[in-house]
Amino acid sequence: MTILVTGGAGFIGGNFVLDWLAGQNETIINLDALTYAGNLDTLHAAQTDSRHTFIHGNIGDRVLVERLLTEHQPRAVINFAAESHVDRSIHGPGDFIQTNIAGTFNMLESVRGYWNGLDAKYRTAFRLLHVSTDEVYGTLSPEDPPFTETNRYEPNSPYSASKAASDHLVRAWHHTYGLPVLTTNCSNNYGPYHFPEKLIPLVILNALASKPLPIYGDGQQVRDWLYVKDHCSAIRRVLEAGKLGETYNIGGWNEKTNLDVVKTICAILDELKPRADGASYAAQITFVQDRPGHDRRYAIDAGKLKRELDWKPTETFDSGIRKTVQWYLDNPQWVDNITSGHYRDWIRQQYG
Ligand code: NAD
Ligand code: TYD
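Residues numbered from 1 in each chain as written. Chains lettered and ligands numbered in written order. Predicted model: local features only at pLDDT ≥ 70, side-chain atom pairs only at ≥ 80, totals over all residues. Heavy atoms only, no water.

The subject of this paragraph is the site of ligand 2. Neighbouring residues of ligand 2: 17 residues in total, closest Glu135, Tyr216, Arg223, Arg291 and His294. Take Glu135: an N or O atom from its side chain is 2.6 Å from an oxygen atom of ligand 2. A distance of 2.9 Å separates an oxygen atom of ligand 2 from a polar atom in the side chain of Asn258. For ligand 2, whose free accessible area comes to 510 Å², the fraction covered by protein is 96%. Those elements that provide at least two residues to the shell around ligand 2 are helix 8 (199–208) and strand 8 (213–216). For the shell around ligand 2, the element with the most residues is strand 8, which contributes three residues. Taken together, the residues that form the shell around ligand 2 break down as seven nonpolar, five polar and five charged. (Near = heavy atom within 4 Å. Polar contact = N/O pair within 3.5 Å; in protein donor to acceptor, adjacent residues only side chain to side chain. Areas by Shrake-Rupley, 256 points an atom, 1.4 Å probe, with all protein chains shown as cover. Helix = DSSP H or I, 4+ residues; strand = E, 2+ residues; numbered from the N terminus. Nonpolar A, V, L, I, M, F, W, Y, C, P; charged D, E, K, R; others polar.)

So, on to empty space enclosed by the protein. This structure, assessed with the given rule, holds two cavities of 30 Å³ or more. Put simply, the largest cavity is a space of about 50 Å³. Considering the residues around the largest cavity, the lining is formed by Ala9, Gly10, Phe11, Ala37, Asn39, Thr42, Tyr193, Phe195, Trp334 and Ile338. Of the volumes computed, that of the second largest cavity is approximately 30 Å³. Along its surface, the second largest cavity is lined by Thr2, Ile3, Leu4, Ile29, Leu68, Leu69, His72 and Pro74. Secondary structure elements with two or more residues in the lining of the second largest cavity: strand 1 (2–6) and helix 3 (62–72). (1 Å grid on protein atoms, 1.4 Å probe; cavity = no way out; pocket = protein on both sides within 12 Å on 5 of 7 lines; lining within 4 Å. Points joined across faces, edges and corners; volume = space filled by probe spheres on them.)

Below, the discussion takes up unusual backbone geometry. Even without glycine at this site, Leu34 takes up a positive phi of about 50 degrees. With respect to the helices and strands, the residue Leu34 is situated in the loop between strand 2 (27–32) and helix 2 (44–47). A positive phi is found at Asp310, a non-glycine position, where the angle reads about 55 degrees. Positionally, Asp310 belongs in the loop between helix 11 (303–309) and helix 12 (317–330). Residue Asp310 is classed as exposed on the basis of its relative accessible area of 60%. (Buried < 20%, exposed > 50% of the residue type's maximum accessible area, 1.4 Å probe, protein only.)

The calculated volume of the second largest pocket comes to roughly 300 Å³. Along its surface, the second largest pocket is lined by 16 residues, and Glu149, Tyr153, Arg171, Gly245 and Thr247 are the ones closest to its centre. Mapped onto the lining of the second largest pocket, the elements with two or more residues apiece are helix 7 (158–177) and strand 6 (181–186). The greatest single-element share of the lining of the second largest pocket, amounting to four residues, is contributed by helix 7. Residue classes in the lining of the second largest pocket are distributed as three nonpolar, seven polar and six charged.

Read these as spatial facts, not as claims about activity.
Put into structure tokens, the structure is as follows:
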């Protein structure tokens, strides 16, 4: 059996591929466009595994995707591919519309054609799992209950609006064409191989490089953090047992303010790699201008996943963040390649 993963050279997709190869004996076709966020270094261990085939390409390329589907006959497609960074979506929303909306549309059409042509047995077993975000639900005030699957979609950033649009397309392809889809909406992830444009890896690496730790606004925005390997296990569980056409919220029950997250990272670094001058890394915290339209609070109620599919996260924030900081300390090569931009050299050499 085979699965097709898109965006598997990114942060979550990369972790998913590595965990999949470690845990199951099933081949993976990994389609990734290798944007700035795609990093083949993350897949180092997978590249020598005969069960993993990497394909450089775009989810919007119907000829390519249709060829891959016909050739490899996957039993499932898991769509991680996306433009994922809110700040970039504010500066340049075009790529988000292209990949997250038009790309998802094209992929749905390719998958629909493939699925329609399958024999009855394989048609029934086939799944398309679309990976999405809690940001589609908009923002919460401090006293609001966490997001459930029935919350209204109220996306506020170009990123979340493009993901919301992709979720609606996936839903419509199920209701109109019967495509066997599952959608997951997850809270903020953190863990190994996270690109240092996002808060947690940025703070770890800036701290170690004696740079300022930039906190937007007052730092009291709240995010619900989930260790990436827990996200991967939830996706495997939904793929295995999720009800067709349903959406599942995935979260860590770990609401933290940004300032608390940054202070926790500083405290762990103070312990594991103290500054030469003996001062705390917290001295590097710098308040900077807020993000336009910054959502104040996200929080996920993952009760449906617990009740119906018996899934819960294994890491607390304290255990997960410690593992994460340690991972960045233990992997200077991966970090150097990404901060120097050398991870792009291989892409240029190999793919032009
Ligand atoms: P990422 O930016 O680290 O990785 C995205 C990957 O997709 C990259 O490898 C990139 O090269 C690839 N890609 C981009 N455009 C493509 C295209 N047109 N065709 C093929 N590949 C393309 O993102 P991530 O953090 O790993 O997020 C993965 C998915 O999970 C996204 O759909 C995102 O919306 C969702 N998500 C992320 C988080 C989070 O906290 N990071 C939380 C919830 C949901
Ligand atoms: P981010 O990691 O970009 O994820 P998202 O915007 O998808 O939640 O940001 C997490 C939170 O951290 C968010 O409230 C914005 C804030 N933030 C900062 O305060 N400083 C930074 O330099 C970055 C990148 C984010």
